[in-house]
Protein chains: 2
Amino acid sequence: MPASPVPAELFPGHAAMRDEVEAALAAAVPETDPPHADLPWLRDFAPFPIPGRLRAAMRHSLLAGGKRLRPALTLAAFDACRAAGDSFDRDPNGPFVVEPVWRENAMRAAVAVELVHTYSLIHDDLPCMDDDSLRRGRPTCHVAFDEATALLAGDALLTLAFQILSRLHPHISVGACIDELASAAGAAGMVGGQVEDLAAEGDPHSVGSGKQLEVIHRAKTGALIAAASALGGHVAGAPTAVVNALRSYGANLGLAFQIADDLLDLSASSAALGKTAGKDVAAGKLTYPALYGEKGSRRRAEDLIAQAIDGLEPLGAAADPLRALARYAVDRDR
Amino acid sequence: MPASPVPAELFPGHAAMRDEVEAALAAAVPETDPPHADLPWLRDFAPFPIPGRLRAAMRHSLLAGGKRLRPALTLAAFDACRAAGDSFDRDPNGPFVVEPVWRENAMRAAVAVELVHTYSLIHDDLPCMDDDSLRRGRPTCHVAFDEATALLAGDALLTLAFQILSRLHPHISVGACIDELASAAGAAGMVGGQVEDLAAEGDPHSVGSGKQLEVIHRAKTGALIAAASALGGHVAGAPTAVVNALRSYGANLGLAFQIADDLLDLSASSAALGKTAGKDVAAGKLTYPALYGEKGSRRRAEDLIAQAIDGLEPLGAAADPLRALARYAVDRDR
């Protein structure tokens, strides 16, 4: 099985972040106990030993590589907030210092977001859902293991995400961070979007309109990307207005990524995608290109990115990496 | 389909608690938005409307009745801590008053525990797991709806549990409560126990010994009951020693309940159980009676209950309902 293709940097500094995230993810579900000594905040999660087969299934899907868009976004949003000056620091008279615990919190939030993303991929790939056998160039979890193990590995990753957030250093609101992630991931967010998407499958007319399609995509894909961005603000101690701006930026970015994915799915090969190509069309799913055509879809994505970039105004030049990331979303399939 | 049998009180005061829990669960996943006006803390969970089919599936499994052992345990543990005197109140000079927000926190924790329990039942019943079609006298979620919807309803209930805990009134540690629940529910707890249990199925000798069977049951069943009990202590602001005592009590109680379930499964009819009877034996699962015989199993359960009751010493007479609950665990199948 070929390795997943390594994409170019999504924004300046992305490659280093991606490597850091890979190490943290590997430590979050270590091959053997105890966890990596360099990440002591991941210790002591275990009242009982984690079964080896479960651990292997969790690692199979979690450590399959990829762009790590969501955790990188959390870290980039955190960095932007901290670099935006000390205008919203807790102690406005203190020197501007990013203390290690702040950065550690940012990494925990980033890891939690990727755990939720990975759980959603494992469950989406199951036979009763999208029934996909290939993901990031590797067999999906239930193909490599079995359905029951894949189901439980997803459950365990989702639970671990909240456990990791529960151990944030308490200089920020643990409750607000968990609410942000759970709200995005749950019945009124990602899970709800998935239910609506399955209902629309094979019956595109049931979706009714582009507006409904957008609601589905905003819930299914956009909500978690919005939360990833907002969490960067939460763990930086940013004021509510900045957290809200980051959430809107992420929501627009997420929808633009989804439209770009639809466009890619039309044109790319399975090898380039690292997953089965042309599947959306075969499944009779309503997509942006099916509704608005290729040109109209690209224009919609560009409008969203323009909105996303506009919303970063309060962060000034510190948000340049986030602006570069937004432009990548629409430029990558050219 | 006959309604699930309503059991007698597990301890004095249990019936009233059960009714209160039923109302809170119905409000946690309301039939229509907005949520019940009497429970304002459940509002505003929704960035997007929850799809009707998802909502119906969540309610189908959540509102199927039953003893509500776990949430009742959380409330009883909370009440015991608050009644134990003000020796561990935050303000030792203040009058002993259970403020409404304290009790509201206890109900949130109780609801969160039952959401996690219900999610685990939905996933356990799926065809790739235990493939069960009957639960609490009603068709299981994937039979009443479909597999994809059941899978997602479980995911949504698990996520909602953490969201509800994230909104605890902040006079207690939100992080500690979420850590307690996630630790019990995750890879090193309930999910891990389920994986080990499936591995042992049809191959009882792989379990090797009674000790291994006990580890599986402590993880699969005991961990969540232990967390339910400990959470009552957390939300009461009890000191660590009391929280630990409540956790041990719950762990022993949970294992005793599992042994009693094994004994019931041997003897009872499907109608009395509200689920398919004799299933464990048919599946070749290793059970306590299979390993120790009926008499030996009953003795083991009684030992565990004696340990559970001993551990309640620090709470004095305030823990009498918890002692009654422990005795119920071993007496109910007589």
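Residues numbered from 1 in each chain as written. Chains lettered and ligands numbered in written order. Predicted model: local features only at pLDDT ≥ 70, side-chain atom pairs only at ≥ 80, totals over all residues. Heavy atoms only, no water.

### Comments concerning the overall build of chain A
Scanning chain A from terminus to terminus reveals 14 helices and two strands. Every one of the 334 residues in chain A was classed for burial, and the buried ones make up 59%. Considering only contacts within chain A whose residues lie at least 6 apart along the sequence, 74% involve residues at least 24 apart. For chain A, the computed accessible surface area is about 12,300 Å², with 54% contributed by carbon and sulfur atoms. (Helix = DSSP H or I, 4+ residues; strand = E, 2+ residues; numbered from the N terminus. Buried < 20%, exposed > 50% of the residue type's maximum accessible area, 1.4 Å probe, protein only. Contact = heavy atoms within 4.5 Å. Areas by Shrake-Rupley, 256 points an atom, 1.4 Å probe, with all protein chains shown as cover.)

### Considering unusual backbone geometry
Phi is positive for Asp131 of chain B, which is not a glycine, with a value near 50 degrees. Phi at Arg136 of chain B takes a positive value of approximately 50 degrees, unusual for a residue other than glycine.

### Things to note about the packing of aromatic side chains
Between two aromatic rings, the relevant description is the distance of the centres plus the angle of the planes. Residues and elements named next belong to chain A. Applying the stated criterion across every chain, the model contains five aromatic pairs over all chains. With centroids separated by 6.3 Å and ring planes inclined at 40 degrees, the aromatic side chains of Phe257 and Tyr328 adopt a geometry described as tilted. Taken together, the residues Phe257 in helix H10 (residues 240-267) and Tyr328 in helix H14 (residues 320-331) connect sequence positions 71 residues apart. Like Phe257, the residue Tyr328 is buried in the burial classification. In this structure, Arg82 is placed above the aromatic ring of Trp102, and the distance from its NZ or CZ to the ring centre is 4.1 Å. (Phe/Tyr/Trp six-rings, centres within 6.5 Å; stacked < 30°, edge-to-face > 60°. Lys NZ or Arg CZ within 6 Å of the ring centre and 35° of its normal.)

### Quick notes on the pattern of salt bridges
Residue and element names in this part refer to chain A. The final tally for this structure, using the stated rule, is 32 salt bridges over all chains. The shortest N-O distance in the salt bridge between Glu104 and Arg108 comes to 2.9 Å. Pair noted here: Glu104 and Arg108 are both in helix H4 (residues 100-125), with a separation of four residues, about one helical turn. On the basis of relative accessible area, Arg108 is assigned to the buried category, the value being 3%. Connected through shared salt-bridge partners, Glu22, Arg68, Glu114 and Arg136 make up one network. (Salt bridge = Lys/Arg side-chain N within 4 Å of Asp/Glu carboxyl O.)

### Description of helix H2 (residues 52-62) of chain B
Among the 11 residues of H2 of chain B, eight are classified as buried, and the element is accordingly described as predominantly covered. Buried within H2 of chain B we find Leu54, Arg55, Ala57, Met58, Arg59, His60, Ser61 and Leu62 of chain B.

### What to know about a negative patch on the surface
A cluster of acidic residues, Asp131 and Glu147 of chain A together with Asp131 and Glu147 of chain B, forms a negative patch on the protein surface. Its location among the elements puts Asp131 of chain A in the loop between H4 and strand S1 (134-135). (Patch = residues over 30% accessible without salt bridge, like charges linked within 9 Å, V, L, I, M, F, W, Y side chains within 5 Å. Lys, Arg positive; Asp, Glu negative; His and termini not counted. Charge placed at Lys NZ, Arg CZ, Asp CG, Glu CD.)

### Let's talk about the interface of chain B and chain A
Counting residues at the interface gives 46 residues for chain B, matched by 46 residues for chain A. With both sides pooled, the region where chain B packs onto chain A buries about 3,800 Å², and carbon together with sulfur makes up 77% of that total. Among the residues of chain B in contact with chain A, Phe48, Leu152 and Ala188 of chain B are the three that bury the most area, contributing 16% of the side total. The residue Arg167 of chain B makes a salt bridge to Asp179 of chain A at a minimum N-O spacing of 2.7 Å. Between the two partners, chain B and chain A, sit six residue pairs in polar contact (both at pLDDT 80 or more). Counting residues per element, the ones that place at least two in the side of chain B that touches chain A are H2, helix H4 (100-125), helix H6 (147-166), helix H7 (174-185), helix H8 (190-200) and helix H9 (210-235) of chain B. The element contributing the most residues to the side of chain B that touches chain A is H6 of chain B, with 11 residues. Across the side of chain B that touches chain A, the residue classes tally to 30 nonpolar, 10 polar and six charged. (Buried area = accessible area lost by both parts, 1.4 Å probe. Polar contact = N/O pair within 3.5 Å; in protein donor to acceptor, adjacent residues only side chain to side chain. Nonpolar A, V, L, I, M, F, W, Y, C, P; charged D, E, K, R; others polar.)

### Focus on the nonpolar core
Leu54, Leu181 and Leu253 of chain A together with Leu54, Leu181 and Leu253 of chain B are the most contacted members of the largest nonpolar core, which has 198 residues in total. Judged by nonpolar contacts, the second largest core, of five residues, contains Ala184, Ala219 and Ala223 of chain A together with Phe48 of chain B. (Core = buried A, V, L, I, M, F, W, Y, C linked by side-chain atoms within 4.5 Å.)

### A word on the packing of helix H1 (residues 14-28) of chain A against H4 of chain A
Helix packing geometry: the angle between the two helix axes and the distance between the axes. Residue and element names in this part refer to chain A. Direction vectors running N to C along H1 and H4 enclose 70 degrees, while the axes themselves pass 10 Å from each other. When the axis of H1 is compared with that of H4, the two are roughly perpendicular. Counted together, Glu20, Val21, Ala24, Leu25 and Ala28 of H1 and Arg103, Met107, Val111 and Glu114 of H4 form the full contact between these two elements. The residue makeup of the contact of H1 with H4, split by class, is six nonpolar, no polar and three charged. (Axes fitted to C-alpha atoms, helices over the stretch in contact; angles between N-to-C directions. Parallel < 35°, antiparallel > 145°, perpendicular 65-115°, else oblique.)

### Looking at the relation of the copies chain B and chain A
Laying chain B over chain A is done by rotating through 180 degrees and shifting 0.0 Å along the axis; what remains is an RMSD of 0.0 Å. Such a turn and shift between the copies fits a two-fold axis. (Least-squares fit on C-alpha atoms with pLDDT ≥ 70 in both.)

### Things to note about the environment of Glu180 of chain B
Residues and elements named next belong to chain B. Assignment of secondary structure puts Glu180 in helix H7. Relative accessible area serves as the criterion here: at 10%, Glu180 is assigned to the buried category. Counting along the chain gives 48 residues from Glu180 to Ala228, while the straight-line C-alpha distance between them is 8.8 Å. For Glu180, the residues in contact, after removing those within four places along its chain, are Ala227, Ala230, Leu231, His234, Val243 and Arg247. Only 2.7 Å separates the side chain of Glu180 from the side chain of Arg247, close enough to count as a polar contact.

### Re H14 of chain A
In a regular helix each residue adds 1.5 Å, so 12 residues correspond to 16 Å; H14 of chain A covers 16 Å between its end C-alpha atoms and thus fits that length. Contacts made by the buried residues of H14 of chain A are with helix H3 (69-83), H10 and helix H13 (288-310) of chain A. (Expected span 1.5 Å × (residues − 1).)

### Quick notes on the environment of Leu62 of chain A
Residues and elements named next belong to chain A. Take Leu62: it is sitting in helix H2 (residues 52-62). In the structure, Leu62 is positioned 37 residues away from Leu25 in sequence and 7.2 Å away in space, judged by C-alpha atoms. Aside from chain neighbours lying at most four places away, what touches Leu62 is Leu25, Val29, Arg68, Glu114, Leu115, Thr118 and Leu157.

### Re the confidence of the model for chain A
All names here are of chain A. Per-residue confidence for chain A averages 84 on the pLDDT scale, and 80% of its residues sit at or above 70. Taking the mean pLDDT of every element in chain A, the minimum, 52, falls on helix H11 (residues 270-273) and the maximum, 98, on helix H5 (residues 141-144). Between residues 35-46, whose pLDDT stays under 50, and residues either more than four places distant or in other chains, the model counts 26 contacts. In the predicted structure, residues 90-97 sits below a pLDDT of 50 and forms 12 contacts with residues beyond four places in sequence or in another chain. (pLDDT = per-residue confidence, 0-100.)

### Considerations on the packing of H10 of chain A against H13 of chain A
All names here are of chain A. Look at H10 against H13: their axes get within 9 Å of each other, and the N-to-C directions meet at 150 degrees. Considered as vectors, H10 and H13 are oriented roughly antiparallel to each other. Our pair here, H10 against H13, has a crossing hand that is left-handed. Touching Tyr249, Asn252, Leu253, Leu255, Ala256, Ile259, Asp262, Leu263 and Leu266 of H10 are Tyr288, Pro289, Glu294, Ser297, Arg298, Arg300, Ala301, Leu304, Ile305, Gln307 and Ala308, all from H13. Looking at side-chain class alone, the contact of H10 with H13 contains 13 nonpolar, three polar and four charged residues. (Left-handed = near helix turned anticlockwise from the far one by under 90°.)

### Concerning the side chain of Thr140 of chain A
Mapped onto the elements of the fold, Thr140 of chain A is located in the loop between strand S2 (138-139) and H5. The buried category is assigned to Thr140 of chain A, whose relative accessible area is 2%.

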